[in-house]
Amino acid sequence: MDKNNGAIYDARKLGKPKMIILGVQHMFAMFGATILVPILTGLDISTTLLMAGLGTLLFHCITKFKVPAFLGSSFAFLGGYAAIKAFSPNDPNSMLPYACLGVACAGLIYFILAAVIKAVGIEKVMRFFPPVVTGPIIIAIGLCLAPSALNNCATCWPLAVVALVIVILFNIWGRGMAKIIPILLGVVGAYLFALIFGNGLGLLGEAGQVDVKAIADAAWIGLPVHMDETIFAIDWNNSSAIIFAITTMVPIAIATMMEHIGDICAIGATVGKDFINRPGLHRTLLGDGLATTLSSIFGGPANTTYGENTGVLALSRVYDPRVVRIAAYLAMLFSFSPKFAMIIQAMP
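Within every chain, residues take consecutive numbers counted from 1 along the sequence as written. The model is predicted, so local features are restricted to residues of pLDDT at least 70 and side-chain atom pairs to those at 80 or more, both for listing and for counting; the totals for chains, interfaces and linings are taken over all residues. Only heavy atoms go into the side-chain values, all of them from the structure, while hydrogens and water stay out.

Focus on a positive patch on the surface
Thinking step 1. Residues qualify for a patch when their relative accessible area is over 30% and they have no salt bridge, like charges being joined within 9 Å and the nonpolar side chains of Val, Leu, Ile, Met, Phe, Trp and Tyr within 5 Å. Each accessible area value is a Shrake-Rupley result obtained with a 1.4 Å probe; residue values ignore everything except the protein chains displayed when judging cover. Take a side-chain nitrogen of Lys or Arg and a carboxyl oxygen of Asp or Glu: if they are within 4 Å of each other, that pair is a salt bridge. As used throughout, the charge tally considers Lys and Arg to be positive and Asp and Glu to be negative, leaving His and the chain termini uncounted. A charge is said to be at NZ when it belongs to Lys, at CZ for Arg, at CG for Asp and at CD for Glu. On the surface, a cluster of positive charge is made up of Lys64, Lys66, Lys118, Lys273 and Arg278.
Thinking step 2. Here a strand is any run of E in DSSP of at least two residues, a helix any run of H or I of at least four, and the numbering for each starts at the N terminus. Within the secondary structure layout, Lys66 lies in the loop between helix 3 (45-62) and strand 1 (71-73).
Thinking step 3. Summary of the burial criterion: residues with accessible area below 20% of their type's maximum are buried, those above 50% are exposed, and those between are partly exposed, where the area comes from a 1.4 Å probe applied to protein chains only. Assessed through its relative accessible area of 40%, Lys66 is described here as partly exposed.

Below, the structure is given as structure tokens:
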């Protein structure tokens, strides 16, 4: 179908090769924010990618494969990670398994709200979340992301402008497949620009250069899960650290559940479907909570539905959940390649 006439593209008519390209675009859309959380917290990037992919697939299974959502790293728990790491100032990273235990418990709180919704009915629960409540939540999510985007742009404005211009040009005047993948083209185009004018000509300064040495030094294949970084490495006799981690992380789930409701409303509004009732908010909450618990058990961050990928849906107008699942498969595949993770991490 033709987006120029306001129609929605049918992924089935695009064919498998183009669907894979769309999946790559979704993966790139989530990648920056998803790996930023482990960079800021000290968690493993490869583990994060694996758990984002597994969590997304688990979410799709629980929501009957109807919701085109990608689950990436949640920023809501950053303060909790910092507080728990401060519990052991001499070796802060040793506290990460305890932080993961706290996040795993926070994920279980989703089960409670999901059970309440299932028991009393979605209508009674959503009375407390009318558009006047969920709308500001969605706005707040965007406003919280804006400073991060501006700070990233400020490190190298020429490169940021190049990426933005490429996205806008292809989104407005692109034809065919190029019009559907403007974000991916913006990423690739800006990356090449950085290699030429940053690394090649040295015109962009240090912030506009790609760390090619780090890419060259990274291994091609590696295991994404390290048992000494999972909750199984916890000293279960250290009750004070365990209690502190759980009491720090669990209350944050209240905010992330409200964020989840706002995200599901935003995705539904984007694709024109009522996901709150079908497959049901209790299913989306359960999927998000399970994904968070699974990720944290094995040393990954909390997962959450990603607004970045909702933006891709709005730009591409391809709403088929299979495209998002392709991004999940790719994230899992590349989690076994530290070199690929470094290619993305080295992106200015």
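Here we look at the pattern of salt bridges
Thinking step 1. Throughout the structure, instances matching the rule amount to two salt bridges.
Thinking step 2. In this structure, the salt-bridge partner of Asp320 is Arg322, at a minimum N-O distance of 2.7 Å.
Thinking step 3. The exposure class assigned to Asp320 is buried, which follows from its relative accessible area of 17%.
Thinking step 4. For Arg322, a relative accessible area of 33% translates into the label partly exposed.

Quick notes on the confidence of the model for the protein
Thinking step 1. When pLDDT is averaged across the protein, the result is 85; 91% of the residues are at 70 or more.
Thinking step 2. Looking across the protein, the model is least confident in helix 1 (residues 11-14), with a mean pLDDT of 62, and most confident in helix 3, with 95.
Thinking step 3. Confidence scores labelled pLDDT are given residue by residue by the predictor and lie between 0 and 100. Contacts: residue pairs with any heavy atoms within 4.5 Å of one another. For the stretch residues 1-7, pLDDT sits under 50, and the model shows 17 contacts to residues farther than four places along the chain or on other chains.

Details of the side chain of Lys85
Thinking step 1. Tracing the sequence through the fold places Lys85 in helix 4 (residues 78-85).
Thinking step 2. Buried Lys85, no salt bridge; nearest opposite-charge side chain is Asp91, N-O distance 9.1 Å.
Thinking step 3. Among the polar contacts listed, one links the side chain of Lys85 to the backbone oxygen of Thr41, at a separation of 2.9 Å.
Thinking step 4. Ignoring anything within four residues of it in the chain, the contact list for Lys85 reads Thr41, Pro92, Asn93, Met95 and Leu96. Under this definition, polar contacts are N or O atom pairs within 3.5 Å; protein pairs additionally need one hydrogen-donor-capable and one acceptor-capable atom, and for neighbouring residues in sequence, both atoms have to be side-chain atoms.

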